[in-house]
Amino acid sequence: FSSASSFFASSSSSSSRSAPSAAADRIRNIGIIAHVDAGKTTTTERMLFYSGKIKRPGDVDTGTTVTDFLDEERKRGITIQSACTSFGWQKHDINIIDTPGHVDFTVEVERAVRVLDGAVGIIDAVAGVQAQTETVWKQADRYGVPRMVFINKMDREDASVDACIASIREKLPLSRPLLIQLPVLGSSRSKLDSIIDLRKMECVTWTSEEGDIMEVRPLSEAANLDAEAKENAATARSELLESLAEIDDEFCELFLTSDHSDQIDAADIDTAIRRATLGLLAMPILCGASLRNRGVQPLLDSICRYLPSPTEKEPKVLLTKPETNRPNTVLDKGDKGPLYALAFKVTHDKHRGPLVFVRVYSGTLKVGSMVKCVSPIDQEVSTERVQKILQLDGEDVTELKVLKSGNIAALIGMKSVKTGFTITSEGGGSQKEKRNVTSWLPHEEFMPPVFYCSIEADSATDQKALENALEQLMLEDPSLNVDEDKETGQTLLKGMGELHLEVVHH
C-alpha cells in the first residue's frame, strides 16, 4: 500500500546516548507519577527498550527492571525509591524519574517532582483516578509541573477511556483533558493492536508481539476499522478541536476562520496543545497497554512534542540574606551564568560513599571544581570538590566530565551535603570565600511522620552501630525521624506508615 508506512520503533533517530548531548531546548526532565500498580515501572521499561537503551524489557514480577533494583523492590514488586534513567529519543535527551506509587513513600515523589519540568501520569484504564493519583497530582500542582496522561492497561476487561476521562474531570479538575487518541479494541475487548491518532486521523497498528514494528495508515484506508469506529473518531476529533478553541485564543481564531475542521493541520493542533499544556490549562490524554507493548512509542513522541524543556519552565527564584538589602532574584538560565544546582536526594553507596543527586538550574558543573554547599535551614556554607559526576541508569553508571544547565546527575565527593542544599559557584571557590555566598534555592517542607515503632540494639556494644545506621537512614530519607520516649526511654523510629518502617527495618 503506497500510503501506508511501517517502521521500527528503535530507529537510528531514537538511539540511546551514553551522556547528555542535546541542546537545552531538546532536554526533557520527566517524572512518571501514579497510584501504585498503575504500570509506571513497566512503562519506563518499555521506553528504555524502544529507545535502544536495553536489549529486552525487564519484568516487575521477576525483579528484572532497570529502575526497581533494590532487593526490597524486587521482593515486593513495587517501587520504593525514585530512580533516574536517561535515554535518547528523536534527537532529544530524556531524563526519566520513576517514582513510587505507594502513599508511604510520597516524600520520594515530593522531592522528585520538585526538580522535574514535566510529568506523565499513568492511570489504570479500569480503576481510573485513584487515591494516590490525586495526591501526586496535588504535588505536581504545587510545583507547577505540566502533565500529560497515559491511560494504561487498555487490554483489560472493563477498560474504558470514557470512564477514565470522567474520573479525571471529577477528581483532577484544574486542567482540561484533551483526548488525542482512541483505542481500537477487538471483539473480546482484551486485545489492543491499534490506536487512532485524532490529530492526523491515522490508524497506528502494531504488527509484532514485541511492539517494535508499527504500521500507519490514513483512516480511509484502515481495513481494520468499521464505519462506526471512523464516525467515533470524527466526533472525538471535533471535540478535541472545540476544547482547544475554548482555551487557546490563537487556535480559536484559526478554528473559526476554517471552512471545515479537516483543513486544520496537525502541526497547528500540536502547537495549540503545547501552549495549553505548558500553561497548565490542559493535559493531553493518550492510551495503550505497556505490558503488551502497545502505545509507548507515541507516548515518547508526545513527551518530546508537548512537555517543556528546562528553558521553558518558570525560572527559579533565589532567596537572599536579609542583611544584603537585596530582593529575592530570578535565576538566570543557561550554561554561562553562575552555577546553581539543587541537591534533591542523597543516598549511600557501599562502594562509592554518598551519592548526591542534583538538578543544575544555571551554569555548568565540572569534575574537579570547588563548589559552595549552602544549607537551606541556617545558610551555613561548606566547600567541597566534585570528585565524579555520574549519569545513573538504575544500578548502571556512566561517568561525565561536565553537567550543563537543565540536566540531572549524581555527584561523588559531597560529604557535607544533605537533601535541599544549594550547590553554587557564587563568591568564588576557595575556603576563605564562604561568607561571600548570599543566595540559595528555596527548600521544601516535608510532611511530619505519622507512624512510629520502638527500636533497640541487640546489645550495648551494638548501640553505636545502631546510632550510626539511624543517622545514615535519616540523611537518605528526610521523612524519617528518631526520637526518645521520655516516659519509657525507648528509641522511637518515626515514618510515613507501617510499610515505610518495615522496608527501613529490612
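This text goes with the structure placed above it.
Along each chain, residue indices are assigned from 1 in the same order as the chain's sequence is written. The model is predicted, so local features are restricted to residues of pLDDT at least 70 and side-chain atom pairs to those at 80 or more, both for listing and for counting; the totals for chains, interfaces and linings are taken over all residues. Excluded from the side-chain calculation are hydrogens and water; included are all heavy atoms of the structure.

> Any chance you could explain the overall build of the chain here in plain terms?
Along the chain, the regular secondary structure elements total 11 helices and 28 strands. Relative to its 506 residues, the chain shows a buried fraction of 52%. If you take every contact in the chain between residues at least 6 apart in sequence, the share linking residues at least 24 apart comes to 69%. Carbon and sulfur atoms form 48% of the exposed surface of the chain, whose accessible area is close to 22,900 Å². In this description a helix means any DSSP run of H or I spanning at least four residues, a strand means any run of E spanning at least two, and both kinds are numbered starting from the N terminus. Note on classification: 1.4 Å probe, protein chains only; a residue is buried when its accessible area is under 20% of the maximum for its type, exposed when over 50%, partly exposed between these limits. Note on definitions: a residue-residue contact is assigned when non-hydrogen atoms from the two residues lie within 4.5 Å. Method for areas: the Shrake-Rupley scheme with a 1.4 Å probe, in which residue coverage is limited to the protein chains shown.

> Can you help me understand the sheet that holds strand 16 (residues 353–362) in this one?
Strands belonging to one sheet form pairs held by backbone hydrogen bonds; the direction of such a pair is parallel or antiparallel. We treat two strands as partners when DSSP finds at least two bridges between them. As summarised here, the arrangement of the eight strands in space is 19-18-24-15-16-23-20-21, forming an open sheet in which the pairing is antiparallel. Either end of the sheet is taken by a strand with one partner, and the two such strands are strand 19 (381–385) and strand 21 (396–400). Here the strands of the sheet are splayed against their neighbours by 40 degrees on average, with no regard to which way each runs. Where strand 15 (residues 340–349) meets strand 16, nine bridges bridge the pair, whose relative direction is antiparallel. Axis lines are fitted through C-alpha atoms, for helices just across the contact stretch, and the angle between N-to-C directions can take any value from 0 to 180 degrees.

> Please explain the pairing of strand 20 (residues 388–393) as it appears in this structure.
Counted residue by residue, strand 20 has five buried out of six residues, so it is predominantly covered. Pairing geometry for strand 20 and strand 23 (residues 408–412), over three bridges, is antiparallel. Its bridge partner being in strand 23, I389 is matched across the sheet by L411. Strand direction decides the pairing type here: strand 20 and strand 21, joined by five bridges, are antiparallel.

> Would you take a moment to explain helix 6 (residues 227–247) for this structure?
Helical geometry: 3.6 residues make up each α-helical turn, so side chains three or four residues apart lie on a common side. For helix 6, with 21 residues, the first-to-last C-alpha span of 31 Å sits near the 30 Å given by 1.5 Å per residue. All buried positions along helix 6 are accounted for by A233, A236, R237, L240, L241, S243, L244 and A245. Turning to helix 6, the residues buried within the fold contact strand 7 (176–179), strand 8 (181–185), strand 9 (192–197), helix 7 (249–257) and helix 8 (266–278). Multiplying one less than the number of residues by 1.5 Å gives the expected span of a helix.

> Quick question: what am I supposed to make of the sheet that holds strand 2 (residues 27–34) here?
The seven strands are arranged 3-4-2-5-6-12-7 in an open sheet whose pairing can be described as mixed. Looking at the sheet topology across the chains shown, the edges are occupied by strand 3 (83–89) and strand 7. Averaged over all pairs of adjacent strands, the angle between their axes in this sheet comes to 30 degrees, without regard to strand direction. Here four bridges tie strand 7 to strand 12 (residues 282–287), and the two strands are oriented parallel to one another. Across the sheet, residue L179 finds its bridge partner in strand 12, namely I285.

> Hey, could you run me through the packing of helix 3 (residues 106–113) against helix 4 (residues 131–142) in this one?
Each packed pair of helices is defined by two parameters, the angle between the axes and the distance between the axes. At a minimum axis distance of 9 Å, the contact between helix 3 and helix 4 shows a crossing angle of 30 degrees. As summarised for this structure, helix 3 and helix 4 are arranged roughly parallel, according to the angle between their axes. The chirality of how helix 3 crosses helix 4 is right-handed. The segment helix 3 lies against helix 4, with T106, V109, E110 and V113 engaging Q132, T135, V136, Q139, A140 and R142. Basically, the charged four are Asp, Glu, Lys and Arg, the nonpolar ten are Ala, Val, Leu, Ile, Met, Phe, Trp, Tyr, Cys and Pro, and anything else, Gly included, counts as polar. Looking at the contact of helix 3 with helix 4 residue by residue, the classes come out as four nonpolar, four polar and two charged. Put simply, angles under 35 degrees are roughly parallel, angles over 145 are roughly antiparallel, angles from 65 to 115 are roughly perpendicular, and the rest are oblique. Handedness of a crossing follows from how the near helix is turned relative to the far one, being left-handed for an anticlockwise turn of less than a right angle and right-handed for a clockwise one.

> Is there a simple way to explain empty space enclosed by the protein in this structure?
Over the atoms rolls a probe the size of a water molecule, and in doing so it shows where empty space is left. Think of a 1 Å grid over just the protein atoms. A cavity is a set of points where a 1.4 Å probe fits yet cannot get out, a pocket is an open set with protein on both sides within 12 Å along at least five of seven lines, and lining residues have an atom within 4 Å of a point. Grid points are joined across faces, edges and corners, and a volume is the space filled by probe spheres set on the points. One pass over the full model with this rule turns up three cavities of 30 Å³ or more. Roughly 80 Å³ of volume is contained in the largest cavity. Contributing to the lining of the largest cavity are 13 residues, with C84, S86, L392, I408 and A409 lying nearest its centre. Looking at the lining of the largest cavity, the elements that each hand over two or more residues are strand 3, strand 4 (92–98), strand 20 and strand 23. Considered class by class, the residues forming the lining of the largest cavity number nine nonpolar, four polar and no charged.

> Explain the nonpolar core to me, please; I cannot follow it from the model alone.
The nonpolar side chains of a soluble globular protein tend to be buried, and buried together. Buried Ala, Val, Leu, Ile, Met, Phe, Trp, Tyr and Cys residues that are joined via side-chain atoms within 4.5 Å together make up what is termed a nonpolar core. One finds M47, I94, V120, I151 and I303 to be the most contacted residues of the largest nonpolar core, which totals 99 residues. Apart from residues lying up to four places away in sequence, V120 is in contact with I30, G31, I32, I33, M148, F150, L299, I303 and L307. Among the nonpolar cores identified, the runner-up in size contains 20 residues, and A341, V358, L365 and V417 belong to it.

> Looking at this structure, I do not really get helix 3. What am I missing?
Burial runs high along helix 3: eight of the eight residues are buried. Buried residues belonging to helix 3 abut strand 2, strand 4, helix 4, strand 15 and helix 10 (463–476).

> Just to check I follow, could you spell out the side chain of S86 for this structure?
Its location among the elements puts S86 in strand 3. Assessed through its relative accessible area of 8%, S86 is described here as buried. Here a polar contact is taken to be a pair of N or O atoms separated by no more than 3.5 Å, where protein atoms must pair a possible hydrogen donor with a possible acceptor and residues adjacent in sequence count only if both atoms sit in side chains. A polar atom in the side chain of S86 sits 2.8 Å from the side chain of N95. Not counting chain neighbours up to four residues away, the residues in contact with S86 comprise K53, I94, N95, Q391, L392 and D393.

> In this structure, what is going on with the layout of surface pockets? I would like to understand it.
Of the pockets and cavities examined, the second largest pocket occupies roughly 840 Å³. Taken together, 29 residues make up the lining of the second largest pocket; nearest its centre are V161, D162, L182, P183 and N232. Those elements that provide at least two residues to the lining of the second largest pocket are helix 5 (161–171), strand 7, strand 8 and helix 6. Considering each element in turn, the lining of the second largest pocket owes the most residues, eight residues, to helix 6. Residues belonging to the lining of the second largest pocket are distributed by class as follows: 17 nonpolar, five polar and seven charged.

> Just to check I follow, could you spell out the pattern of salt bridges for this structure?
Side chains that carry opposite charge are capable of pairing whenever their charged atoms lie near each other. Counted as salt bridges are all cases of a side-chain nitrogen of Lys or Arg within 4 Å of a carboxyl oxygen of Asp or Glu. According to the stated counting rule, one finds 18 salt bridges in the structure shown. With its nearest N and O atoms 2.5 Å apart, the salt bridge here joins D197 to R199. Judged on exposure class, the residue D197 and its partner R199 are both buried. Its salt-bridge partner being R199, residue D270 comes within 2.6 Å of it at the nearest N-O pair.

> What is the right way to read the packing of aromatic side chains from this model?
The way to describe two aromatic rings as a pair is by their centre distance and the angle between their planes. Pairing of aromatic side chains requires ring centres within 6.5 Å, counting the rings of Phe and Tyr and the six-membered ring of Trp. Pairs whose planes differ by under 30 degrees are stacked, by over 60 edge-to-face, and all others tilted. One pass over the full model with this rule turns up three aromatic pairs. Between the aromatic rings of F251 and F255, the centroid separation amounts to 6.4 Å while the plane-to-plane angle is 20 degrees, which identifies the pairing as stacked. Of this pair, F251 and F255 both sit in helix 7, four residues apart, which is roughly one turn of that helix. The class for F255 is partly exposed, based on a relative accessible area of 24%. Charges are assigned to positions over rings by a cutoff of 6 Å between ring centre and Lys NZ or Arg CZ, combined with an angular limit of 35 degrees from the ring normal. Over the ring of F357 we find K345; its NZ or CZ atom is 5.9 Å from the centre of that ring.

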